[in-house]
Amino acid sequence: MNKDELKWMLSELNEKNTVIRGYAQLALECDHPKWARKYISSIIQHIDRITAVTSVIADLYLRGEDDDCDSDSVSGPAVLAKIAARAESIKLH
């Protein structure tokens, strides 16, 4: 898979996440019973997790436009530390 294909897939995921999140936020503005608010809030949390994961993928594989995915740059350890810190905050369960 090349970078252009990966960029396209991440862009599609992010676009869909944005639409779903927007609709969920609009639904929260309406007068819903308590149980509905719980599920809509859950949808938003899951969308936020998906967005965080796509961001980590983009950082790992698309961190530099001219970089080869397998190359080690001087800033490599710093970039990996930043990605690791962000990935630790993602709860996938």
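Preceding block: the structure.
Now for a look at the structure at hand. (Residues numbered from 1 in each chain as written. Predicted model: local features only at pLDDT ≥ 70, side-chain atom pairs only at ≥ 80, totals over all residues. Heavy atoms only, no water.)

## Things to note about the packing of helix 1 (residues 3–29) against helix 2 (residues 34–62)
Thinking step 1. Orientation of helix 1 relative to helix 2, taken along the N-to-C sense of each, is 160°, at an axis distance of 9 Å. It follows from the interaxial angle that helix 1 and helix 2 lie roughly antiparallel. Crossing geometry of helix 1 relative to helix 2 is assigned as left-handed.
Thinking step 2. Partitioned by chemical class, the residues of the contact of helix 1 with helix 2 number 16 nonpolar, six polar and five charged. (Axes fitted to C-alpha atoms, helices over the stretch in contact; angles between N-to-C directions. Helix = DSSP H or I, 4+ residues; strand = E, 2+ residues; numbered from the N terminus. Parallel < 35°, antiparallel > 145°, perpendicular 65-115°, else oblique. Left-handed = near helix turned anticlockwise from the far one by under 90°. Nonpolar A, V, L, I, M, F, W, Y, C, P; charged D, E, K, R; others polar.)

## Some details on a nonpolar patch on the surface
Thinking step 1. A contiguous nonpolar surface patch, about 390 Å² in accessible area, is contributed by M1, W8 and M9.
Thinking step 2. With respect to the element layout, M9 can be found in helix 1.
Thinking step 3. Classification of M9 as partly exposed rests on a relative accessible area of 31%. (Patch = residues over 30% accessible without salt bridge, like charges linked within 9 Å, V, L, I, M, F, W, Y side chains within 5 Å. Areas by Shrake-Rupley, 256 points an atom, 1.4 Å probe, with all protein chains shown as cover. Salt bridge = Lys/Arg side-chain N within 4 Å of Asp/Glu carboxyl O. Buried < 20%, exposed > 50% of the residue type's maximum accessible area, 1.4 Å probe, protein only.)

## Here we look at the side chain of T54
Thinking step 1. For T54, the location among the structural elements is in helix 2.
Thinking step 2. Apart from the residues lying within four places of it in its own chain, the contact partners of T54 are L10, L13 and N14. (Contact = heavy atoms within 4.5 Å.)

## Quick notes on the pattern of salt bridges
Thinking step 1. Here the structure, examined in full by the defined rule, presents three salt bridges.
Thinking step 2. Two residues, E12 and K16, come together in a salt bridge whose shortest N-O distance is 3.5 Å. One end of the pair, E12, and the other, K16, are both in helix 1, four residues apart, so they sit about a helical turn from each other.
Thinking step 3. When its relative accessible area of 27% is taken as the criterion, E12 is described as partly exposed.
Thinking step 4. In this structure K16 comes out as partly exposed when scored by relative accessible area, which is 42%.
Thinking step 5. In this structure, E15 engages K16 in a salt bridge whose closest nitrogen and oxygen atoms are separated by 3.8 Å.
Thinking step 6. The class of E15 is partly exposed, set by a relative accessible area of 42%.
Thinking step 7. Shared partners join several salt bridges into a network, and the residues in it are E12, E15 and K16.

## Here's the deal with helix 1
Thinking step 1. When the terminal C-alpha atoms of helix 1 are compared, their 39 Å separation across 27 residues agrees well with the 39 Å that a helix rising 1.5 Å per residue should span.
Thinking step 2. Buried residues of helix 1: K3, L6, L10, N17, A24 and L28, and no others.
Thinking step 3. Here the buried face of helix 1 lies against helix 2.
Thinking step 4. A side-chain oxygen of the first residue of helix 1 lies 3.0 Å from the backbone nitrogen of D4; this N-cap is N2. (Expected span 1.5 Å × (residues − 1). Polar contact = N/O pair within 3.5 Å; in protein donor to acceptor, adjacent residues only side chain to side chain.)

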